[in-house]
Amino acid sequence: MKIHSIAYYLLLLGLASAPVHAQQPVSGYDFQTPEMQEMQDDDFANPGMYTVEAGEALFATAGGNGKSCVSCHGEGGKQLDVKRIAAYPVYSEAQKKPVTLRGQILSCRNERMDGPQLQYSSEEALQLVAFVRRLALGETVNVDVSGPMAPYYEAGKKLFHTRWGQVDIACHQCHDYHAGQTFRGQTLTQGQSNGFPVYRYTDGHVVGIQGRITECLTNLRAEPYELGSEEYINLEIYMSARSNGLKIETPGIRY
Ligand code: HEC
Ligand code: HEC
């Protein structure tokens, strides 16, 4: 039998109906079946690892100026600081705005390697993010939303509490108040971000955090935003900070 966190059992007992911020965050992992958890834990069985491996190959591939990610960050990214990876999104003093991990990787690739230019929504960008996040496997999410990050966090929080689409429900109504309950044959989780990019078992694709938000918005019959949009970056900031204290699981497996 799997050992879950105390917060998970409290949720099931209905003792923790306060919003997530007043509770402990619980990883989506804790709500999966033992079979899915085993699959996630076994690198050879975890289908998300193909995306990580594709990212590893891209990490070593030279761009327009002959440099690869390896040229600056070492073989397999060993010079990257995993604690820093776990702290994304961060505020960039140079750009005077927050950058997500994907945004940082894209600016390295598009500006420091001379391309070929990658779009925010490209499969290659997703693969690179999966590889880089995987380096921080087991690190504690630790996003600082004080100082210049505060207004972006607040904007993301507001979006999380906005009612969407024809269904007219806000993210927090499902993910803060109903985690542990069954919804359309699935167990609702807190909608935490620590497993991303995740492999979705239902139809076998890997998706990043912003892409997953699109999937929820589409289910709510709302118009999704573009990946890399201001709205999604703000939501990612809010959701990342909401996962502070959880361990990075990339690539998580979720139903
Ligand atoms: C020419 C050198 C160079 C290349 C090539 C390069 N980077 Fe970077 N990278 C940097 C520098 C310098 C930083 C420090 C942050 C900044 O100034 O943007 C950085 C920051 C990062 C960070 C954030 C680390 C932190 O501590 O905040 C990640 C992740 C990263 N790069 C990934 C990549 C990936 C993936 C590639 C290949 C697609 C790549 N980089 C290519 C120079 C490079
Ligand atoms: C009607 C209920 C409902 C609403 C409203 C909703 N979602 Fe979800 N969401 C789900 C279900 C069901 C899943 C799949 C099971 C799970 O992980 O909770 C899910 C999954 C997620 C996940 C994946 C968690 C993981 O560990 O893989 C994230 C992130 C997420 N939602 C974010 C959002 C955001 C952001 C919004 C608002 C834009 C939102 N959701 C609105 C029902 C909802």
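Described below are features of the structure shown in this document. Quick caveat: nothing in here was measured; it's all calculated off a predicted structure.

**What about the coordination of the iron atom of ligand 2?**
Between any two of four tetrahedral donors, the ideal angle at the metal is 109.5 degrees; between two of six octahedral donors, it is 90 or 180 degrees. Donor atoms from the polypeptide that coordinate the iron atom of ligand 2 comprise His175 (NE2) and Cys216 (SG), at 2.0 to 2.3 Å from the metal. A relative accessible area of 16% means that histidine 175 is categorised as buried. Since its relative accessible area comes to 29%, cysteine 216 is described here as partly exposed.

**With respect to the coordination of the iron atom of ligand 1**
Here the iron atom of ligand 1 is held by His73 (NE2) and Cys108 (SG), and the distances to it run 2.0 to 2.3 Å. Taking relative accessible area as the criterion, cysteine 108 reaches 16% and is therefore assigned buried.

**Notes on the site of ligand 1**
Surrounding ligand 1, one finds 17 residues, the nearest of these being Cys69, Cys72, His73, Tyr88 and Cys108. Contact distances for ligand 1 include 3.1 Å between an oxygen atom and a side-chain N or O atom of glutamine 104. Here arginine 112 contributes a side-chain N or O atom positioned 3.1 Å from an oxygen atom of ligand 1. If you list the elements that add at least two residues to the shell around ligand 1, you get helix H4 (69-73) and helix H6 (101-112). Take the shell around ligand 1: its biggest share by element is 6 residues, from H6. Looking at the shell around ligand 1 residue by residue, the classes come out as 10 nonpolar, 3 polar and 4 charged.

**Examining helix H11 (residues 230-242)**
Taking 1.5 Å of rise per residue, 13 residues should cover 18 Å, and H11 covers 18 Å from first to last C-alpha, within 8% of that figure. For H11, the tally of buried residues reaches 11 of 13 residues, placing the bulk of the element in the interior. All of the buried residues along H11 are Tyr232, Ile233, Asn234, Leu235, Glu236, Ile237, Tyr238, Met239, Ser240, Ala241 and Arg242. Against the buried residues of H11 lie strand E2 (97-99), helix H8 (150-160), helix H9 (171-175) and helix H10 (209-219).

Rules of the game
Residues numbered from 1 in each chain as written. Chains lettered and ligands numbered in written order. Predicted model: local features only at pLDDT ≥ 70, side-chain atom pairs only at ≥ 80, totals over all residues. Heavy atoms only, no water. Donors = N, O, S within 2.8 Å, 3.2 Å for Na, K, Ca; no water. Buried < 20%, exposed > 50% of the residue type's maximum accessible area, 1.4 Å probe, protein only. Near = heavy atom within 4 Å. Polar contact = N/O pair within 3.5 Å; in protein donor to acceptor, adjacent residues only side chain to side chain. Helix = DSSP H or I, 4+ residues; strand = E, 2+ residues; numbered from the N terminus. Nonpolar A, V, L, I, M, F, W, Y, C, P; charged D, E, K, R; others polar. Expected span 1.5 Å × (residues − 1). Contact = heavy atoms within 4.5 Å.

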